[in-house]
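# Coordinates in review
Each chain, letter by letter, is given below.
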Amino acid sequence: MTGTFLGMPPFPEAAHDAVNNAQLRHNLRKATHTIRGKRAAVVDELDDWPQLRAAGKAIKDHTLRHLDRYLIQVEEAVTAAGGHVHWAADADEANRIVTDLVRATGERDVVKVKSMATQEIGLNEALADAGIRAYETDLAELIVQLGDDRPSHILVPAIHRNRSEIREIFLREMAEWGEPAPADLTDEPRVLAEAARRHLRERFLSAKVAVSGANFMVAETGTLVVVESEGNGRMCLTLPETLISVVGIEKVVPTWADLEVFLQLLPRSSTGERMNPYTSTWTGVTPGDGPQDFHLVLLDNGRTHVLADEVGRQTLRCIRCSACLNVCPVYERAGGHAYGSVYPGPIGAILTPQLRGTASALDASLPYASSLCGACYDVCPVAIDIPEVLVHLREQVTEQPGHRAERAAMKAAGWVFADPSRLSRVQRLAGHTRRLIPKRLPGPGAAWTDTRNIPEPPAQSFRDWWAQERGSDGSPRRDDA
Amino acid sequence: MRVALFITCVNDTLYPRTGQAVVRLLERLGCTVDFPVEQTCCGQMHWNTGYGTQIEPLVRRFADTFAGYDAVVTPSGSCGAMIRDNHPKAAARAEDRALADDVAAVVPTVYDLSEFLVDVLGVTDVGAYFPHKVTYHPTCHSMRLMKLGDRPTTLLRNVRGLELLELPGADECCGFGGTFAVKNPDVSAAMGADKVRNAAGTGAEVLCAADNSCLMHLGGMMDRQRTGVRTLHLAEILASTEELPA
Ligand code: SF4
């Protein structure tokens, strides 16, 4: 089954291995740069992109401000349409609800589509403990599941794999899960896709229960929306008898008119397409058509806690397009696994520590997994100021124990900067002792001198030069005229 | 016009030549410049590392020191952005109306050097001479927060003798990121290595930027790798003349 992220090391350690894995870096660079270019091209062709982006942000902010009201509207509409709504405060509760619902059907297999929320709560593992096998049906999810691997990208969870690795995984594992891969399987994308299609078709046709996520929920009608490229979603949403959708509470939008904005923002930002191939919507149950039993599990799992944080709440605007991953220079080198979560990259660096808290060493390291270059903020279709939230989270982390040395160093620096004459004395000291500064620094400084030469302090600071040139008392030349 | 220089603590301490170049350049263009000696640091390191609650005295110092000038010019996009974007936030957090007012008064007078030259003085040819091949790295905060756009490259194009070579992947971060370089050394070095490779690949003799901290990171790396490319701050190239070459 899909490995979990529990017990992973802090980001810098996990990234160390990825940075030194040439194959992985090559795969990631190629994939992210390709999609980056496609996104830029389709965004550039719209002259109202800034307005669309502002609209997306405004709709989400409005919805989040009145989230209670819209969620109740969703519940009423879904119930009126013959569905059932369940509220799950955390991962355990959500897993219990889904497990019980599957058990009640008497089935032991479920097909799954498009659900980061179920990965977030570890649903597959919980179902396995109850003797229920969950089959992922997104191509990339399938690769991850068969490879007993972890997802490393929001949209392309197997982005870290190249096609020859995928071929090997299919040949080795498919038979154990159902229809085997053909013996003459090549690593051509078309051939690989065909093998996956055949493997999955058998699943779709026999499945009685499906578990899905949703990209959006439209409050006015209680309609759920899945946006996808492969068509597997449509199969999962229509063929089984029972459909269980696990959806984060932040996914609601008030009306269909609001949805229109996101159906433009999302495909362009995520796959670099003007429109995605499949958009499926479903509302409760329709007698004689599609699943006859529909359950919506509304997942909190830390989200109301995020909502309560004035700076952090913008994180909940995220529509999981993954544009921020594809432009992030840190993600590109560190790979998705280093983030220790189903949410990697810039959005993961802010969402994960907010959902899970910053108590563990890994979660406390995530807000620092960024150079604050701001590329993520620039591309985000709902204008989440990721650097702002990162800095905000850093403030929370530095208040925790374990930052004594750094806090003291920052205090000392603050003391120096509090008074220009102190700064001047420190500068002179550095200038006089510059020959004594070792080429290799100890402690945290070693990270610097391992790959870079350190600059030599000059003999004279600017302020001393100024004082010398413009008056020994340092009194500035003023033009008060 | 009363122009004050905010030289920044990094330039003051490690790169005095950049500050001297700014003085030379602005005086050459007819400005009367002042270096208010009460200045220290904008507080960016504290802010970005998660110690933003400690910078209130630095915000106050900045607003007091630079009050009343027509323009405050700084040769650092990163520090300029810190003042513009974050000093108002820090003042708001301090819940001190007077401080917030002082910050609000000073912020609109703060300019990056290239902004001041192009937007305020209205010059794009500063009369510089620098007969070398140069490639320009826009640096993240100059580009994304200060939105300097093509001002720096326009200025460079008008330098006599200078050949400007395009830097591939120019808009990608160099990997410095303040304490990021220390907290995530492997990723930082990998990002820097790519930037260095791109810069060296242009055939330029000089890598130029408007932020000495990024140049310190890249220069230290190029030095270690003996690429033969040197780093220079934009101000030093713009101040360069036949008589006083950079
Ligand atoms: S944070 Fe923005 S760019 Fe990143 S996945 Fe979410 S919506 Fe997309």
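How each quantity is defined
- Residues numbered from 1 in each chain as written.
- Chains lettered and ligands numbered in written order.
- Predicted model: local features only at pLDDT ≥ 70, side-chain atom pairs only at ≥ 80, totals over all residues.
- Heavy atoms only, no water.
- Helix = DSSP H or I, 4+ residues; strand = E, 2+ residues; numbered from the N terminus.
- Expected span 1.5 Å × (residues − 1).
- Buried < 20%, exposed > 50% of the residue type's maximum accessible area, 1.4 Å probe, protein only.
- Contact = heavy atoms within 4.5 Å.
- Buried area = accessible area lost by both parts, 1.4 Å probe.
- Salt bridge = Lys/Arg side-chain N within 4 Å of Asp/Glu carboxyl O.
- Polar contact = N/O pair within 3.5 Å; in protein donor to acceptor, adjacent residues only side chain to side chain.
- Nonpolar A, V, L, I, M, F, W, Y, C, P; charged D, E, K, R; others polar.
- Near = heavy atom within 4 Å.
- Axes fitted to C-alpha atoms, helices over the stretch in contact; angles between N-to-C directions.
- Parallel < 35°, antiparallel > 145°, perpendicular 65-115°, else oblique.
- Pairing = 2+ DSSP bridges.
- Left-handed = near helix turned anticlockwise from the far one by under 90°.
- Core = buried A, V, L, I, M, F, W, Y, C linked by side-chain atoms within 4.5 Å.
- Phe/Tyr/Trp six-rings, centres within 6.5 Å; stacked < 30°, edge-to-face > 60°.
- Lys NZ or Arg CZ within 6 Å of the ring centre and 35° of its normal.

## Concerning helix α16 (residues 345–356) of chain A
Given 3.6 residues per turn, any residue in an α-helix points the same way as the ones three and four places further on. Residue and element names in this part refer to chain A. Here α16 contains twelve residues, and its C-alpha end-to-end distance of 16 Å stays within 8% of the 16 Å for a straight helix at 1.5 Å per residue. Burial within α16 is extensive, with eleven of its twelve residues counted as buried. Looking one or two residues past α16, G357 carries a phi angle of roughly 85 degrees, positive in sign.

## Looking at the interface of chain A and chain B
Taken together, the contact pairs 63 residues of chain A with 62 residues of chain B. Where chain A abuts chain B, roughly 5,700 Å² becomes buried across the two surfaces, and 56% of that area is made up of carbon and sulfur atoms. Sorting the residues of chain A by area buried against chain B places M410, F417 and F462 of chain A first, and these three jointly supply 14% of that buried surface. Across the contact surface, chain A and chain B share nine salt bridges. The closest approach of N and O atoms between R25 of chain A and D194 of chain B, which form a salt bridge, is 3.6 Å. On the surface where chain A and chain B come into contact, there are 32 residue pairs in polar contact (both at pLDDT 80 or more). Broken down by element, the side of chain A that touches chain B gets its largest block of residues, seven residues, from helix α20 (residues 404–417) of chain A. Considered class by class, the residues forming the side of chain A that touches chain B number 29 nonpolar, 15 polar and 19 charged.

## Remarks on the site of the ligand
The ligand sits among C318, I319, R320, C321, S322, C324, I347, C380, P381, V382, I384 and I386 of chain A. Residues belonging to the shell around the ligand are distributed by class as follows: ten nonpolar, one polar and one charged.

## Let's talk about the packing of helix α2 (residues 16–28) of chain B against helix α7 (residues 113–120) of chain B
All names here are of chain B. At a minimum axis distance of 12 Å, the contact between α2 and α7 shows a crossing angle of 5 degrees. Here α7 runs roughly parallel to α2, going by the angle between their axes. Taking contact as the criterion, the partners of V22, L25 and L26 in α2 are, on α7, L113, F116 and L117. Looking at the contact of α2 with α7 residue by residue, the classes come out as six nonpolar, no polar and no charged.

## Digging into the pairing of strand β3 (residues 71–74) of chain B
Residues and elements named next belong to chain B. Alternating positions in β3 separate into two faces, A71 and V73 on one and V72 and T74 on the other, with burial throughout. Two elements, β3 and strand β4 (residues 110–112), share three bridges in a ladder whose sense is parallel. Bridged to V73 within β4 is Y111.

## Points about the packing of α16 of chain A against helix α19 (residues 386–398) of chain A
Residues and elements named next belong to chain A. Packing of α16 against α19 brings their axes to within 10 Å, and their N-to-C directions diverge by 40 degrees. When the axes of α16 and α19 are compared, the pair comes out oblique. Along this stretch, α16 crosses α19, giving a crossing that reads as left-handed. Note on element contacts: α19 touches α16 through I386, V389, L390 and L393, opposite P346, I347, A349, I350, P353 and Q354. Here the contact of α16 with α19 is built from residues that sort into nine nonpolar, one polar and no charged.

## Description of the nonpolar core
In terms of nonpolar packing, the biggest core is built from 138 residues, with F11, F170, M217, L296 and Y339 of chain A touching the most fellow members. Ignoring anything within four residues of it in the chain, the contact list for F170 of chain A reads L139, L142, I143, L146, A181, L185, L192, A195 and A196 of chain A. Residues W466 of chain A together with L5, A21 and L234 of chain B belong to the second largest nonpolar core, which totals 37 residues.

## Things to note about the sheet that holds strand β5 (residues 133–136) of chain B
All names here are of chain B. Taken together, four strands build an open sheet; the order of strands is β6-β5-β7-β8 and the sheet is parallel. Both edges of this open sheet fall to β6 (163–165) and β8 (230–233), since each of them pairs with a single strand only. Adjacent strand axes in the sheet meet at a mean angle of 35 degrees when their direction is disregarded. Pairing analysis gives three bridges linking β5 to β6, with the strands arranged parallel. Its bridge partner being in β6, T135 is matched across the sheet by L165. The sheet contacts of helix α12 (residues 212–225) involve β7 (206–209) and β8, and relative to β8 the element is tilted by about 170 degrees.

## Looking at the packing of aromatic side chains
Residue and element names in this part refer to chain A. Within the structure shown, the criterion is met by 13 aromatic pairs over all chains. The ring centre of F262 lies 5.6 Å from the NZ or CZ of K60, which sits over that ring. The ring of W177 has R133 sitting right over it, with the charged end atom 4.0 Å from the ring centre.

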